Amino acid sequence: MDSLNDSLFDAQALESPAAFASALAPPAQPGHFDELRGSVTAAPPTPVARALAPVAPLHDALEPPPVGPAPEADGPATAPKPPLTPAWSEFFEALGPAGFADLPRRAVSLERQIRDNGVTYNVYADRDGPQRPWSIDLFPLIVPPQSWAQIEAGVLQRTRVLDRVLADVYGPQKLLSEGLLPAALVRGHPGYLRAMHGVQPPGDTWLRIAAFDLARGPDGNWWVVSQRTQAPSGLGYLLENRLAISRQFPQAFESLQVQRLAATYSAMMEGLQAMCPAGAPPHIALLTPGPYNETYFEHAYLARYLGVTLVEGSDLTVRDERLYLKTLQGLRPVHGLIKRLDDQYLDPLELRPDSTLGVPGLLQAIRAGNVLVANTPGSAFLESPALLGFLPALAQHLIGEKLSLPALPTWWCGERAAMESVLPQLADCAIKPTYPGSDAHPAFDAVLGTQLGRRELDEWAGRIMRQGDAHTVQRFMPLSQMPTWAQDLGPGHISPKAVLLRVFAVNDGPQSWRVLPGGLARLAGLDAQIASMQRGGSSADVWVQTDGEVDRTTLLTPHATPASLARHRAPVTSRAAENMFWLGRYTERAENTLRLARLSLDLLSGEDQSSRSLVGWLHDLCQHNALVPRELPDVQHLQDGPRAAQSRRVFERALIAELGDVQRGRSLGFNLRCLRDAAAAVRERLSQEHWNHIVRAEAEFLRRMDEQAGEPGEGRYAIGATQRSLEAASAMLSAITGAQTDRMTRDDAWRLLSIGRHIERLGFLSNALAAGFAQDTVHEVAGFEAMVALFDSTITFHARYQQRRDVATLVDLLVLDGDNPRSLAWVAQTLRGRIARLAGSAPGKLTALSHELPDPAAWTLERLCHAGSDGRYGALMEVLEDCENAAYHVSDAIGVRYFTLTSDTVRSVGV
């Protein structure tokens, strides 16, 4: 490392920040263009290594290409470092009085901001794996106006060409008949959809969003490396990057005349709305594969920013060739769809029949012209690297222009002449699959020729000769390197890293596009061999400068009207509603099972363990709530003595063993896992703090139980350790309950969460109380106290009734008290009101479904406490049975009415 890095905060006082940065920052590797200094670093006389173009999987998971650094010179470079570019000089001069000494603080602030905002990129989309925070560098990539003008013109031109290619391929197919485009690259590509032939998209525009991966070569010019047209990623992440980095360097952001992004997003939405089929205003949704997709954060973020509804395939349905969103109020028409789903999964009726992510009948709705989809399905074949070699001729034929933005030289080996020409050059090229993701063609990862030996090169040459059409070869080029801030050693230092730039063209009207003045820069990892998010890569904001006035358009509406505000209230989809409902149920169920487990372990290890009725009551409750296996013998009828003690010990061990078993058990660990899964499905509706509590509650409890299970001998069944784990989980669940109760907007989604909680509470408490009376547990002091504790009402009971322990006091507090949130009357009355409010009833007006629940007003203390000649409380037991049955009946009715939309009351709204 440059010795200047070790004296970062001493030397800067001697010179200007820009001069200090010039001395501090090492140059780019030989043969690479240096973004900081605006020139190529002199290469040694040895051959220049080349860099591999990116190979992204078909789902386009934001994975930049491998990059190969040029070999280092023999011996240290002696040439003086060129000065910084004017833009970078101005950037460093704007650091302020603290200068470089403040960069470590800004880096920590940036990391905290990303963490607090919950920005994630789930590399392997593993539901059981940890969420990885989005990686972003402190410094932006600065693009001067002259370079951007070249990029903008070239990207617009290429977008027009690709759009016309799609129009021809799904129309007259003259390009195929005239031989300008090989049929194998179209009809032989899995991304070509025959079902879309003859479709006329709105405005005769096929591409609504197109992305291009660009690299700057040693000559200082930008080159196209690949293109993404199916479901391009990055439009959401670059927004978060812009927000984060502009906050770290506000003075530099203003002084450098950086173009804003909002105007382009606004134009895109206006263009989509103008071309949507009938609808005033049109309803547009963003289709996501779901929360386990690696870029789900971006989907949710982009939907919020654009003001559109985030939906999954199960949220949508096609009726009479029209697309509808299933909401709590009924079926709502959808006129436009921004898809973040690969084409093959869109419609199981006509595409992949095993897809559960799409919408049956969607392609027919598109063919009927009743829905606009961005992008129109069928563009995946444009992403084949082989197509890059044919675009210059296609541009001349389709628009009569020469491409101004060149692509890296690319050869499709399905043509014999191209194959014979490129085979001798394999050592200087990258070998890539022509049909990535295809089941009908050979699948392999991109291979870097410079990393292969002679024998391996010969093997690849043999494969290419046998199946030439499946292989595409692309020329290598050293990628430019930009300055990045690294804090791996000491206080921090500047380190050059290879960079790949993704830019976006968005449609703003019929046959009209504009280029987003920014982009997503992706950086190579520390080894500089592969620029990949999965292998230590990172991202950077992109600052595009302008010589003119900065467009300060905002998506904030200055003059909102009641009608416009009503439109911005996103509908609650049936899927989101169902997950909110189960989020509430599993939260309550986890609390109930946790309280029951703690109570059981306390009593079984205490001095009241000889009480048969108490032990029998605990056994019944634990079996009913899956805390112990069903096949566990009943310990109630064993006489006192060694066998009874042994049986109770078996019960304790079974209870402890089940707590952390999420595979076979249905105990607390399982409930916490289900709680997290339900929350993940509605992640966009939860605060970051709420979500963090849910994740930590599950992870910490299962970690503790796994550690305890690994203890030798009796240690794995230690009650003390188990109780400590339960206590920690209880604290986390209390925080979750607080977030749900006091920090969520009281909309219909929250009402369903609350209804779910109270349905679960009503069923659990009714069953527990009924079991206590059936076992006569209530007539023993220990049993009486246990029942009050299970209702979490111990403090209130003793404050109100002192030492009294009779049925009347128990019924008064746990059944009839309208101010006790754990009493059956309070729960039933709250449920009745919230169900009515969900149905849109006026305050105080109940619906038919509300009347399915018992009315606490009909309960009296005298009637419920009356014991028959057999000593049983018939009226009370009837009420308890009614409450438990009604809870689960209402649960089923809510599912039919609001989630599956199969009841007779389902209607279409907003047509």
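Just above, that's the structure.
Quick summary incoming for the structure in this document. (Residues numbered from 1 in each chain as written. Predicted model: local features only at pLDDT ≥ 70, side-chain atom pairs only at ≥ 80, totals over all residues. Heavy atoms only, no water.)

With that settled, the discussion passes to the side chain of Asp163. Here Asp163 lies in helix α5 (residues 145–169). On the accessibility criterion, Asp163 (0% relative accessible area) is buried. (Helix = DSSP H or I, 4+ residues; strand = E, 2+ residues; numbered from the N terminus. Buried < 20%, exposed > 50% of the residue type's maximum accessible area, 1.4 Å probe, protein only.)

If you walk across this open sheet you meet the four strands as β13-β16-β14-β15, and the pairing is antiparallel. Both edges of this open sheet fall to β13 (410–412) and β15 (447–448), since each of them pairs with a single strand only. With five bridges connecting them, strand β14 (residues 429–433) and strand β16 (residues 471–475) associate as antiparallel partners. Paired with Ile431 across the bridge in β16 is Val473. Where helix α14 (residues 454–466) meets the sheet, its contacts fall on β14, β15 and β16, and the angle it forms with β16 comes to roughly 125°. (Pairing = 2+ DSSP bridges. Contact = heavy atoms within 4.5 Å. Axes fitted to C-alpha atoms, helices over the stretch in contact; angles between N-to-C directions.)

For strand β5 (residues 222–228), the tally of buried residues reaches six of seven residues, placing the bulk of the element in the interior. Sheet topology places strand β4 (residues 209–216) next to β5; six bridges connect them, and they run antiparallel. The residue bridging Arg216 from the neighbouring strand is Trp222, located in β5. In textbook terms, the turn of a hairpin is the stretch between consecutive antiparallel strands, and for β4 and β5 this stretch comprises five residues, one of which, Gly220, has a positive phi near 85°.

All right, on to the nonpolar core then. Of all hydrophobic cores here, the largest spans 106 residues; its most connected members are Leu583, Trp617, Leu659, Phe701, Leu769, Leu810 and Ile894. If we ignore the near neighbours within four places in the chain, the residues touching Leu659 are Ala597, Leu627, Ser667, Leu668, Gly669, Phe701, Met705, Thr722 and Leu726. In terms of nonpolar packing, the next biggest core, distinct from the first, is built from 74 residues, Leu166, Leu341, Leu363 and Leu523 among them. (Core = buried A, V, L, I, M, F, W, Y, C linked by side-chain atoms within 4.5 Å.)

To continue, consider the pattern of salt bridges. Summed over all chains, the structure comprises 46 salt bridges. Among the salt bridges present, the one from Arg589 reaches Glu760, with a minimum N-O distance of 2.8 Å. Here the residue Arg589 occupies a position in helix α16 (residues 574–604), and Glu760 occupies one in helix α22 (residues 748–774), the gap between them amounting to 171 residues. Judged by its relative accessible area of 7%, Glu760 falls in the buried class. Here Arg676 ties to Asp677 by a salt bridge, and the two come within 3.3 Å at their closest N and O atoms. Neither Arg676 nor Asp677 differs from the other in exposure class; each is buried. (Salt bridge = Lys/Arg side-chain N within 4 Å of Asp/Glu carboxyl O.)

The next point concerns the pairing of strand β19 (residues 512–515). Residues Trp513 and Val515 line the buried face of β19, whereas the alternating positions Ser512 and Arg514 sit on a face that is not buried. When strand β18 (residues 493–509) meets β19, the two strands line up antiparallel, connected through four bridges. Residue pairing for β19: Val506 is matched across the bridge by Arg514. The turn joining β18 and β19, which pair antiparallel and follow one another in sequence, is formed by two residues; a positive phi near 55° is taken by Gln511.

Shape descriptors only; they carry no functional weight alone.
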